[in-house]
Amino acid sequence: MRSLFSVTLLLLLALTLTAEANRRAKEHKRGKHDKSKPASDCSAAETQYGKCVPEHGDCGDGLREATCKDRTDKIHCKIPCNWKKDISDCKYKFGPWGSCDAATNTKSRSGTLKRALFNAECQTTVKVSKPCSPKVKKARGDKKSN
């Protein structure tokens, strides 16, 4: 009976360790590990952050400097490859997209600031625009004709 209990306990321990290792591996793949935070003991309020500088082109994965006291770290960051790339450190609550302006072939919407990330200086309100979509949405149930 004791050997059965010991084997069961060992299997439970092995299963728990495997599950924890898998969870950590998934978090590491998703970038949820310490390389996105400065390694110093400073709080976010004490740290001065630079702008995210993309590694290639004008968007995608990049690095930003995080400075506190006499230490500067490079931390990973990401700039979206869409209309949000100029305001990526500022989080806004946006209204719906307006109708398409035929003269400029763009539509726009306004947003109000929810919060600033990395001590960024953000505008209280912003207006963004994007090209109108040339696609016409089909109603559900419509089938493509071949």
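Position numbers for residues start from 1 in each chain and track the written sequence from start to end. Only residues with pLDDT of at least 70 get local features here, since the model is predicted, and only at 80 or more are side-chain atom pairs given and counted; chain-wide, interface and lining totals rely on the full set of residues. Only heavy atoms go into the side-chain values, all of them from the structure, while hydrogens and water stay out.

Caption draft 1: Here's a closer look at the environment of Gln48. Runs of E in the DSSP output that reach at least two residues are strands. Runs of H or I that reach at least four are helices, and both are numbered from the N terminus. Within the secondary structure, Gln48 is located in strand β1 (residues 48-49). Since its relative accessible area comes to 53%, Gln48 is described here as exposed. Along the backbone, Gln48 and Thr72 are 24 residues apart, and their C-alpha atoms lie at a distance of 9.3 Å. Only heavy atoms enter the contact rule, under which two residues are in contact if any of them lie within 4.5 Å. For Gln48, the contacting residues outside a window of four places in its chain are Glu65, Ala66 and Thr67. A 1.4 Å probe rolled over the protein chains alone gives each residue an accessible area, and that area as a share of the maximum for its type sets the label: buried under 20%, exposed over 50%, partly exposed in between.

Caption draft 2: Seen up close, the pattern of salt bridges. The term salt bridge refers to a side-chain nitrogen of Lys or Arg lying within 4 Å of a carboxyl oxygen of Asp or Glu. Scanning the model with the defined rule gives 5 salt bridges in all. The partner of Asp89 in a salt bridge is Arg64, and the shortest N-O contact between them spans 3.0 Å. Of the two residues, Asp89 sits in the loop between β4 (71-79) and β5 (90-94) while Arg64 sits in strand β3 (residues 60-68), which places them 25 residues apart along the sequence. For the pair Asp89 and Arg64, a shared accessibility class is recorded, and that class is buried. Here Glu65 ties to Lys74 by a salt bridge, and the two come within 3.5 Å at their closest N and O atoms. For Glu65, a relative accessible area of 40% puts it in the partly exposed group. Lys74 gets classed as exposed once you look at its relative accessible area, which sits at 54%.

These figures come from the coordinates and say nothing about function on their own.
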